[in-house]
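Now for the letters of each chain:
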4 protein chains.
Amino acid sequence: MANATSNGTTDRRTHSRDAGRHWRTAITQIEPNKILIRGYPVDELMGRLSFAEAIYLTLIGELPTPAIGRMMSAVLVSSLDHGVTPPSTLAARNVATTHAPLRASVASGVLAFGPVHGGDITTCMKFLDAGLALVRQGEPLDKAARTIVSQCFDSNEIPPGFGHRFHTRDPRAARLFQMALELELEGEHVRMIRSVERFLEARPEHAQSPLPVNVDGAIAAVSGDLGFDYELGNALFLIARVPGLIAHAHEEQAREKPMRQIDPKDHVYDGPRERRLPETRK
Amino acid sequence: MANATSNGTTDRRTHSRDAGRHWRTAITQIEPNKILIRGYPVDELMGRLSFAEAIYLTLIGELPTPAIGRMMSAVLVSSLDHGVTPPSTLAARNVATTHAPLRASVASGVLAFGPVHGGDITTCMKFLDAGLALVRQGEPLDKAARTIVSQCFDSNEIPPGFGHRFHTRDPRAARLFQMALELELEGEHVRMIRSVERFLEARPEHAQSPLPVNVDGAIAAVSGDLGFDYELGNALFLIARVPGLIAHAHEEQAREKPMRQIDPKDHVYDGPRERRLPETRK
Amino acid sequence: MANATSNGTTDRRTHSRDAGRHWRTAITQIEPNKILIRGYPVDELMGRLSFAEAIYLTLIGELPTPAIGRMMSAVLVSSLDHGVTPPSTLAARNVATTHAPLRASVASGVLAFGPVHGGDITTCMKFLDAGLALVRQGEPLDKAARTIVSQCFDSNEIPPGFGHRFHTRDPRAARLFQMALELELEGEHVRMIRSVERFLEARPEHAQSPLPVNVDGAIAAVSGDLGFDYELGNALFLIARVPGLIAHAHEEQAREKPMRQIDPKDHVYDGPRERRLPETRK
Amino acid sequence: MANATSNGTTDRRTHSRDAGRHWRTAITQIEPNKILIRGYPVDELMGRLSFAEAIYLTLIGELPTPAIGRMMSAVLVSSLDHGVTPPSTLAARNVATTHAPLRASVASGVLAFGPVHGGDITTCMKFLDAGLALVRQGEPLDKAARTIVSQCFDSNEIPPGFGHRFHTRDPRAARLFQMALELELEGEHVRMIRSVERFLEARPEHAQSPLPVNVDGAIAAVSGDLGFDYELGNALFLIARVPGLIAHAHEEQAREKPMRQIDPKDHVYDGPRERRLPETRK
């Protein structure tokens with residue numbers, strides 16, 4: 001059967017006979033002086049939904065509960081920025097140093113969220129679902145966790161969502177799990193990743209070469225429990241990191257000479273010292 | 001021998017002697033098991049700041065007041081999506097139809113926020129500042145508004161932040177001005193744009209060819225009053241629209257055949273009918 | 001204190017002790033007033049190598065023979081443009097209509113060379129190599145061709161490099177095979193794809209739904225015989241199409257109003273009528 | 001009801017009545033089994049035009065003379081690559097290290113051809129045209145050259161097309177001027193830039209801080225004489241550099257570990273030693 005070929009012509013003729021052949025979208029409806037996102041007037045959403053809640057509505061199609069809204073905010077805040085060393089930040093800064101517009105820096109940074117950088121979320125969601133499939137076939141949780149980890153090790157791979165270049169205990173992952181518990185949003189994906197975590201910590205080689213759960217793993221588990229598709233797991237990281245890319249591109253153009261050679265190791269932090277939120281924000 | 005000419009080597013030696021030669025960043029500090037954004041531990045921000053508040057912190061460097069936090073959310077929600085017809089959405093969908101990854105669609109969409117699409121915010125901020133400079137030189141507000149509008153018309157241009165392809169009264173702009181008033185965040189930029197608005201409405205040709213203030217104009221005025229740099233005005237639109245681009249790229253791949261020819265006019269909306277927020281969310 | 005953990009500092013010290021720790025590149029050497037591409041002074045290449053020959057040198061590392069140089073030109077010319085309907089061209093035009101710079105249009109178009117558009121070359125190179133592996137195990141050429149085609153059909157896929165939306169006989173593929181023959185560059189990849197072609201033409205359903213070899217298939221076979229890596233097969237298409245993307249972005253900005261809605265089906269061609277090269281160019 | 005306001009419907013109806021309302025393109029005509037670029041069958045161009053000649057045809061619309069074809073090749077070869085230190089190359093490598101596909105690296109690199117990197121060609125074409133406008137008003141060539149240089153210095157800018165980070169005498173510029181002379185393609189733009197060059201070399205400060213004409217300046221002058229639009233001047237650089245970006249992205253993935261931190265100064269060249277073209281290629 002042909003790849004598209006004469007279809008084109010056929011499609012076209014059918015269109016004029018059948019209004020039902022128009023292509024369809026279920027996201028936003030535009031009429032004069034009216035913009036409805038998933039059915040809600042956008043001006044009614046403004047001031048009533050947080051940005052994170054409205055992102056959930058846009059991606060999933062329904063309003064989040066308040067608990068899910070708070071979890072969405074936490075997921076997005078967790079991945080806002082990770083300093084100057086990620087390749088995505090360096091790609092954005094290398095574009096910014098040529099005095100390109102902000103959007104070119106952002107596009108360049110986004111393109112660096114490749115399979116081995118911030119792309120772990122989708123892979124980890126699939127990894128957890130493989131374990132949950134075993135549980136549904138009757139395997140106990142801890143045995144299923146062991147099985148999927150062994151499969152990774154057998155093919156010489158680190159379980160997705162575990163390990164970090166800098167951190168032995170990722171503070172963002174711990175906080176997401178704590179919030180899932182407090183907000184009563186913990187589901188089977190979080191239970192599965194925590195079971196994998198316990199198994200990895202029990203390995204004899206844990207002391208020398210730990211494989212802590214990382215923020216990608218925590219987002220994968222949490223967003224799996226919220227019902228996100230695989231692809232949209234990666235989308236959450238991407239949305240979260242855009243403001244960070246912008247802050248770096250803007251700082252690069254504001255503080256540095258154009259066309260400089262950016263050495264990722266040769267920098268110092270000169271921003272505010274470590275500080276705590278005021279009591280009123282806690 | 002290193003490739004980068006002798007300069008490279010000289011620079012490098014100087015570095016080890018002179019800590020002052022490192023380049024500097026004030027955004028995020030990374031230490032093992034610790035991530036500080038503008039000085040605050042990211043895990044402390046999670047669950048305590050909304051995503052919009054944390055974006056403000058990342059871009060501006062300080063915590064927003066609660067009123068500014070609510071305004072940031074409203075600005076970002078206002079620009080989440082505008083249906084399938086903007087060129088940015090079509091660029092993202094044309095990439096998605098080739099089964100490219102989500103990030104390629106987003107990058108492509110972001111690149112379409114060109115000077116005449118979503119780039120109006122920076123231009124409008126400069127336009128308002130030109131009026132405010134006249135006010136500071138002693139000109140009354142309404143006379144300054146008239147002057148800057150006349151300058152536009154004289155060079156055959158529509159005042160930036162005014163006019164819309166679809167809307168004669170942009171509901172998003174109206175809502176932003178209402179919120180600025182209620183949150184007591186109205187400042188000189190909002191006063192200037194409202195003065196321009198009144199002047200344009202008083203023109204005899206207003207009835208046939210109205211030039212209503214649009215959402216870009218409202219964001220420009222509001223973010224000018226919040227103290228944003230020109231470049232960061234455009235950044236707010238860009239951050240806001242990324243989730244919309246993702247929703248469209250995801251829908252394209254989920255609902256349509258690959259490699260289709262996307263006619264922007266030939267579509268119907270088949271999502272939820274118009275609906276209102278539940279009373280509990282108001 | 002440097003931001004990049006203590007590792008950074010340790011690495012750095014090691015560098016000054018151990019030249020072997022520098023990273024390496026074998027493409028271009030820069031010295032004051034001297035640029036050597038793969039060892040050759042670029043100013044010596046200028047005027048002596050064609051652009052296509054110099055591209056081969058840059059990618060492969062050695063000078064092509066004159067025959068390979070002519071084949072490189074033909075491969076690159078074959079894919080220069082395919083009109084306004086490919087999604088890559090539409091992505092580029094949708095960016096151009098926002099008056100973004102040329103490079104943003106090109107980036108956007110390049111991102112649309114997704115897995116199902118212009119990405120067939122790598123897949124087809126792997127497909128042919130699977131057949132050649134069977135031949136090396138002793139299977140006759142025509143039996144190997146049948147085996148790999150059947151594997152595609154069994155998993156409901158069209159053999160990569162075959163079938164076209166518009167063409168039942170791709171004139172570019174025919175010309176590339178003819179040149180491979182004349183230039184004595186025909187090798188095992190071309191022989192394998194021609195064997196697949198014969199098998200597909202002999203199917204009873206060939207008359208109603210032909211699966212002609214397309215230009216991607218021909219480039220895959222030819223560049224496989226020239227010794228290109230899988231990834232660089234796709235690179236040839238990408239290099240070839242950039243001038244086409246530029247022509248479209250430039251035409252869009254020169255001939256059309258900004259922010260127009262681009263319907264891919266609703267266009268007419270108004271360029272020069274069909275013409276032939278002058279005798280002197282043949 | 002279609003989403004795109006009633007305009008959409010009206011437009012559409014008019015189309016079927018009025019062929020003149022279709023949008024137009026003059027680049028490529030596609031018919032079944034036929035592809036005409038600027039009127040010429042692409043399979044007739046293959047093997048008969050060099051890639052550089054076919055690029056000229058695609059961009060300009062007519063066949064180049066053989067001399068112009070040779071000059072196009074030289075211009076494109078001149079800018080193929082400049083080693084690992086340009087920000088565009090680093091942006092491409094930072095994307096490649098995340099194991100993103102080749103096209104994402106290329107897009108990212110292309111976005112770094114910002115206003116201060118490879119964007120000089122358009123600016124320099126305008127600079128030379130400003131001088132030529134003075135000549136047309138009766139000013140002698142050398143006086144016009146002095147005037148436009150002084151205007152740059154007065155606003156604290158280096159004349160576009162002059163000066164280089166690494167080279168005090170750009171070998172690519174010298175070779176392009178030599179070829180323009182030999183091929184009898186030297187026109188008013190080359191004469192103007194050489195007059196500027198002589199004026200800059202006669203400055204007393206020339207010995208300590210020379211401002212040699214660079215390859216961007218030479219391309220600007222040569223392509224101005226060939227009749228290229230301003231925007232297409234930049235396009236030539238962009239087309240030329242894509243193969244270099246690909247070579248770097250491919251080398252990065254072939255030789256280095258993923259997710260490495262790329263220090264632009266910390267590299268060595270380990271490719272072929274300096275070598276000369278064989279006599280047969282001269």
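Model, not experiment: these values are computed from the prediction.

Okay, the overall build of chain A next. When its secondary structure is counted, chain A shows 12 helices and five strands. In terms of overall dimensions, chain A has C-alpha extents of about 70 × 60 × 50 Å along its principal axes. Taken across its 282 residues, chain A has 63% of its residues classed as buried. For chain A, contacts bridging at least 24 residues in sequence account for 72% of all contacts bridging at least 6. By element, 49% of the accessible surface of chain A is carried by carbon and sulfur atoms, the whole surface being about 10600 Å². Seen as two clouds, the 33 positive and the 34 negative side-chain charges of chain A have centres 4 Å apart.

With respect to the helices, strands and loops of the structure, Leu111(D) is situated in helix α6 (residues 102-111). Taking the C-alpha atoms as reference points, Leu111(D) and Pro258(D), 147 residues apart in sequence, are found 22 Å from one another.

Evaluation of the coordinates by the stated rule reveals 60 salt bridges over all chains. A salt bridge links Arg255(B) to Asp270(B), with the shortest nitrogen-to-oxygen separation between them at 2.6 Å. Placement of the pair is Arg255(B) in helix α12 (residues 230-255) and Asp270(B) in the segment after β5 (267-269), with a sequence separation of 15 residues. Overlapping salt bridges bring together Arg24(A), Arg93(B), Glu251(B), Glu252(B), Arg255(B), Glu256(B), Arg260(B) and Asp270(B) as one network.

Residue and element names in this part refer to chain D. Overall, antiparallel pairing links the three strands, which are arranged β2-β3-β4 in an open sheet. The open sheet has two edge strands with one neighbour each: β2 (28-31) and β4 (40-41). With two bridges connecting them, strand β3 (residues 34-37) and β4 associate as antiparallel partners. Looking at the pairing, Ile37 lines up with Tyr40 of β4.

Residues and elements named next belong to chain C. The end-to-end C-alpha distance of helix α7 (residues 120-136), which contains 17 residues, comes to 24 Å, matching closely the 24 Å that a straight helix rising 1.5 Å per residue would cover. Buried residues of α7: Asp120, Ile121, Thr122, Cys124, Met125, Phe127, Leu128, Gly131, Leu132 and Leu134, and no others. Against the buried residues of α7 lie α8 (141-154), α10 (188-201), α11 (215-225) and α12 (230-255). Remark: Gly138 follows α7 within two positions and exhibits a positive phi of approximately 110°.

With that settled, the discussion passes to the sheet that holds strand β3 (residues 34-37) of chain B. Reading across from one edge, β2-β3-β4 (chain B) is the order of the three strands in this open sheet, with antiparallel pairing throughout. Two strands close off the open sheet at either side, each with one partner strand: β2 (28-31) and β4 (40-41) of chain B.

Quick look at the packing of aromatic side chains now. Tallied over the full model, the rule gives 10 aromatic pairs over all chains. With a centroid separation of 5.9 Å and an interplanar angle of 80°, the aromatic rings of Tyr56(A) and Phe228(A) are classed as edge-to-face. Placement of the pair is Tyr56(A) in helix α3 (residues 51-60) and Phe228(A) in the loop between α11 (215-225) and α12 (230-255), with a sequence separation of 172 residues. Classification of Tyr56(A) as buried rests on a relative accessible area of 8%. Phe228(A) gets classed as buried once you look at its relative accessible area, which sits at 5%. Taken together, a centroid distance of 5.1 Å and an interplanar angle of 80° make the contact between Phe113(B) and Phe237(B) edge-to-face. In this pair, Phe113(B) sits in the loop between α6 (102-111) and α7 (120-136) while Phe237(B) sits in helix α12, placing the two residues 124 residues apart along the sequence. Here Phe113(B) and Phe237(B) have matching classes, each one buried. Lying over the aromatic face of Trp23(C), Arg260(D) brings its terminal NZ or CZ to 4.2 Å of the ring centre.

All names here are of chain A. Chain-level statistics for chain A give a pLDDT mean of 91 and a share of 93% at 70 or above. Segment residues 1-19 is flagged for pLDDT under 50; beyond a separation of four residues in sequence, or across chains, it makes 16 contacts in the model. Note on the complex model: pTM 0.92, ipTM 0.92.

Now for unusual backbone geometry. Negative phi characterises most residues that are not glycine, and trans characterises most peptide bonds. If you check the backbone angles, Glu184(B) has positive phi at about 55° while not being a glycine. Locating Glu184(B) in the fold gives a position in the loop between α9 (171-182) and α10 (188-201). At Arg38(C), a residue that is not glycine, the phi angle is positive and equals roughly 50°. The exposure class of Arg38(C) is buried, given its relative accessible area of 11%.

The two copies are related by a screw motion: chain B maps onto chain A through a turn of 180° and a shift of 0.0 Å along the axis, at an RMSD of 0.0 Å. Those values place the two copies in the arrangement expected of a two-fold rotation axis. Closest to the rotation axis within chain B is the C-alpha of Ala107(B), separated from it by 2.1 Å. When the interface residues of chain B are mapped onto chain A, 98% of them are again interface residues, pointing to one common binding face.

Axis separation between helix α6 (residues 102-111) of chain C and α6(D) bottoms out at 9 Å; the angle between their running directions is 175°. With respect to α6(D), the element α6(C) is oriented roughly antiparallel. Here Arg103(C), Ala104(C), Val106(C), Ala107(C), Val110(C) and Leu111(C) of α6(C) come into contact with α6(D), specifically with Arg103(D), Ala104(D), Val106(D), Ala107(D), Val110(D) and Leu111(D).

On to the pairing of strand β2 (residues 28-31) of chain C. Where β2(C) lies against strand β3 (residues 34-37) of chain C, four bridges are found, and the strand directions are antiparallel. Looking at the pairing, Glu31(C) lines up with Lys34(C) of β3(C).

A few words on the interface of chain B and chain A. Of the residues lining the interface, 110 residues belong to chain B; the matching set on chain A comes to 109 residues. Interface area, chain B with chain A, both sides summed: about 10300 Å², of which 64% is carbon and sulfur. On the surface where chain B and chain A come into contact, there are 10 salt bridges. We note a salt bridge from Lys34(B) to Glu274(A), for which the minimum N-O separation is 2.7 Å. Linking chain B with chain A are 54 residue pairs in polar contact (both at pLDDT 80 or more), by the criterion used here. Per-element tally for the side of chain B that touches chain A: the top contributor is α12(B), with 15 residues. For the side of chain B that touches chain A, the per-class residue count stands at 54 nonpolar, 23 polar and 33 charged. Pairing of strand β1 (residues 23-25) of chain A with β5(B) involves three bridges; the strand directions are parallel.

Residues and elements named next belong to chain B. For helix α8 (residues 141-154), which comprises 14 residues, the first-to-last C-alpha distance of 20 Å matches the rise-based estimate of 20 Å (1.5 Å per residue) to within 8%. Those residues of α8 lying buried are Ala144, Ala145, Ile148, Val149 and Cys152. Buried residues of α8, viewed axially, fall in a sector of 130°; they line one side. Where α8 is buried, its residues meet α7 and α10.

A few words now on the packing of helix α4 (residues 66-78) of chain B against α9(B). All names here are of chain B. Their axes nearest at 11 Å, the elements α4 and α9 cross at an angle of 180°. Classified by the interaxial angle, the pair formed by α4 and α9 is roughly antiparallel. Residues Arg70, Met71, Ala74, Val75 and Ser78 of α4 pack against Arg172, Leu176, Met179 and Ala180 of α9. In terms of residue class, the contact of α4 with α9 is made up of six nonpolar, one polar and two charged.

With that out of the way, let us pick up the environment of Pro212(A). All names here are of chain A. With respect to the helices and strands, Pro212 occurs in the loop between α10 (188-201) and α11. Along the sequence, Pro212 and Glu201 sit 11 residues apart, while their C-alpha atoms lie 7.9 Å from each other. Pro212 has contacts with Gly161, Phe162, Gly163, His167, Thr168 and Arg169, leaving out every residue within four places of it along the chain.

Moving on: the side chain of Thr98(D). One can find Thr98(D) in the loop between α5 (87-96) and α6. Note on Thr98(D): relative accessible area 0%, which makes it buried. In this structure the side chain of Thr98(D) is engaged in a polar contact, spanning 3.4 Å, whose partner is the backbone nitrogen of Gly114(A). The contacts of Thr98(D), once residues within four sequence positions are left out, are Pro87(A), Ala112(A), Gly114(A), Pro115(A), Val116(A), His117(A) and Met259(D).

Calculation criteria
- Residues numbered from 1 in each chain as written.
- Chains lettered and ligands numbered in written order.
- Predicted model: local features only at pLDDT ≥ 70, side-chain atom pairs only at ≥ 80, totals over all residues.
- Heavy atoms only, no water.
- Helix = DSSP H or I, 4+ residues; strand = E, 2+ residues; numbered from the N terminus.
- Buried < 20%, exposed > 50% of the residue type's maximum accessible area, 1.4 Å probe, protein only.
- Contact = heavy atoms within 4.5 Å.
- Areas by Shrake-Rupley, 256 points an atom, 1.4 Å probe, with all protein chains shown as cover.
- Lys, Arg positive; Asp, Glu negative; His and termini not counted.
- Charge placed at Lys NZ, Arg CZ, Asp CG, Glu CD.
- Salt bridge = Lys/Arg side-chain N within 4 Å of Asp/Glu carboxyl O.
- Pairing = 2+ DSSP bridges.
- Expected span 1.5 Å × (residues − 1).
- Phe/Tyr/Trp six-rings, centres within 6.5 Å; stacked < 30°, edge-to-face > 60°.
- Lys NZ or Arg CZ within 6 Å of the ring centre and 35° of its normal.
- pLDDT = per-residue confidence, 0-100.
- Least-squares fit on C-alpha atoms with pLDDT ≥ 70 in both.
- Axes fitted to C-alpha atoms, helices over the stretch in contact; angles between N-to-C directions.
- Parallel < 35°, antiparallel > 145°, perpendicular 65-115°, else oblique.
- Buried area = accessible area lost by both parts, 1.4 Å probe.
- Polar contact = N/O pair within 3.5 Å; in protein donor to acceptor, adjacent residues only side chain to side chain.
- Nonpolar A, V, L, I, M, F, W, Y, C, P; charged D, E, K, R; others polar.
- Arc of directions from axis to C-beta.

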